[in-house]
Amino acid sequence: MKIIKYEEKYRDDLIFMVLQAKDALGKTPTINEDLLDIDGNYLQKGDMFWLAVDDNDRVIGSIGYSTLQNSDEVRLHRLYVKASLKRQGIGAELLTFAEAYIKEQNKKAISVHLGEFKYYYESYSFYDKHGYEEYQPRYLIKNL
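Calculation criteria
Residues numbered from 1 in each chain as written. Predicted model: local features only at pLDDT ≥ 70, side-chain atom pairs only at ≥ 80, totals over all residues. Heavy atoms only, no water. Helix = DSSP H or I, 4+ residues; strand = E, 2+ residues; numbered from the N terminus. Rg over C-alpha atoms; globule rule 2.2 N^0.38 Å. Buried < 20%, exposed > 50% of the residue type's maximum accessible area, 1.4 Å probe, protein only. Contact = heavy atoms within 4.5 Å. Areas by Shrake-Rupley, 256 points an atom, 1.4 Å probe, with all protein chains shown as cover. Lys, Arg positive; Asp, Glu negative; His and termini not counted. Charge placed at Lys NZ, Arg CZ, Asp CG, Glu CD. 1 Å grid on protein atoms, 1.4 Å probe; cavity = no way out; pocket = protein on both sides within 12 Å on 5 of 7 lines; lining within 4 Å. Points joined across faces, edges and corners; volume = space filled by probe spheres on them. Nonpolar A, V, L, I, M, F, W, Y, C, P; charged D, E, K, R; others polar. Expected span 1.5 Å × (residues − 1). Salt bridge = Lys/Arg side-chain N within 4 Å of Asp/Glu carboxyl O. Core = buried A, V, L, I, M, F, W, Y, C linked by side-chain atoms within 4.5 Å. Pairing = 2+ DSSP bridges. Axes fitted to C-alpha atoms, helices over the stretch in contact; angles between N-to-C directions.

The subject of this paragraph is the overall build of the protein chain. A tally of helices and strands in the protein chain yields four helices and seven strands. Each helix (α) and strand (β) of the protein chain, taken in turn from the N terminus, gives the series β-α-α-β-β-β-α-β-α-β-β. The globule rule puts the C-alpha radius of gyration for 144 residues at 15 Å, and the 14 Å found for the protein chain is close to it. Reported as C-alpha extents along the three principal axes, the dimensions of the protein chain are approximately 35 × 35 × 25 Å. Among the 144 residues that make up the protein chain, the fraction classed as buried is 41%. The long-range fraction of contacts in the protein chain, counting pairs at least 24 apart against all pairs at least 6 apart in sequence, stands at 59%. Of the roughly 8,100 Å² of accessible surface on the protein chain, a fraction of 44% belongs to carbon and sulfur atoms. Within the protein chain, one finds 20 positive and 23 negative side-chain charges whose respective centroids are separated by 2 Å.

Right, here's the structure in full:
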């Protein structure tokens, strides 16, 4: 596996992976609008979006962030791992990679907004294990 900056050629593979991940959570698979234009919603704004790709050049994970206006805080978005590959450390690698990059950008905090606990209970546990603390319902933060 390698982590790369998003490239448009991976768009459809990314969307397919996200839809499968949501289906595995028992949710109706829908696509988030920001994923339809990652270049415009992340990269052109000075933020980042990365993909984890396997040895066959297929998307197996993703993570991005956006800077919160007038602050030294960023918000993580779209940390997904291909459903059949969960619990193999891919999510942790993506998160660690993103955190290191964000810290290099002199940001001081990383927050994440999670969905309903009944669907995202694994996410709550995952972020807690990585040092994130809930500061209001469904919002977690980690100071760098």
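With that settled, the discussion passes to the layout of surface pockets. Considered as a void within the structure, the largest pocket measures approximately 850 Å³ in volume. In terms of lining, the largest pocket is formed by 33 residues, of which the most central are Leu-79, Glu-122, Ser-123, Phe-126 and Tyr-127. Of all elements in the fold, only strand E4 (73-81), helix H3 (90-104), strand E5 (109-113) and helix H4 (117-129) reach the threshold of two or more residues within the lining of the largest pocket. The biggest single contributor to the lining of the largest pocket is H4, with nine residues. When its residues are assigned to classes, the lining of the largest pocket shows 16 nonpolar, 10 polar and seven charged.

Further remarks concern helix H1 (residues 11-24). Along its 14 residues, H1 runs 20 Å from first to last C-alpha, staying within 8% of the 20 Å computed at 1.5 Å per residue. Of the residues making up H1, those classed as buried are Asp-13, Leu-14, Ile-15, Met-17, Val-18, Ala-21 and Lys-22. Among the structural elements, helix H2 (38-41), strand E2 (48-53), strand E3 (59-67) and E4 are those in contact with the buried residues of H1.

A few words on the pattern of salt bridges. Considering all chains together, one arrives at seven salt bridges under this definition. Arg-11 is the salt-bridge partner of Glu-8, the closest N and O atoms lying 4.0 Å from each other. Given the relative accessible area of 23%, Arg-11 is considered partly exposed. Close ionic contact of Arg-11 with Asp-12 constitutes a salt bridge, the shortest N to O distance being 3.4 Å.

Looking now at the nonpolar core. The tendency in soluble globular proteins is for nonpolar side chains to be buried side by side. If you look at the biggest cluster of nonpolar residues, it comprises 39 residues, and the most contacted ones within it are Leu-14, Phe-49, Leu-51, Leu-76, Tyr-127 and Tyr-132. Elements supplying a minimum of two residues to this core: H1, E2, E3, E4, H3, E5 and H4. In terms of residues, this core owes the most to one element, E2, which gives six residues. Excluding residues that lie within four positions of it along the chain, Leu-51 makes contacts with Lys-2, Ile-3, Ile-4, Tyr-6, Glu-7, Tyr-10, Leu-14, Val-59, Gly-61, Ser-62 and Leu-94.

With that out of the way, let us pick up the sheet that holds strand E1 (residues 2-5). If you trace the seven strands from one edge of the open sheet to the other, you get E1-E2-E3-E4-E5-E7-E6, paired in mixed fashion. What marks the edges here is a single partner per strand, and that holds for E1 and strand E6 (133-136). Strand-to-strand twist of the sheet, defined as the mean angle between neighbouring strand axes without regard to direction, takes the value 30 degrees. In this sheet, strand E7 (residues 139-143) lies alongside E6 in antiparallel orientation, the contact comprising three bridges. Bridging across to E7, Gln-136 finds its partner in Tyr-139.

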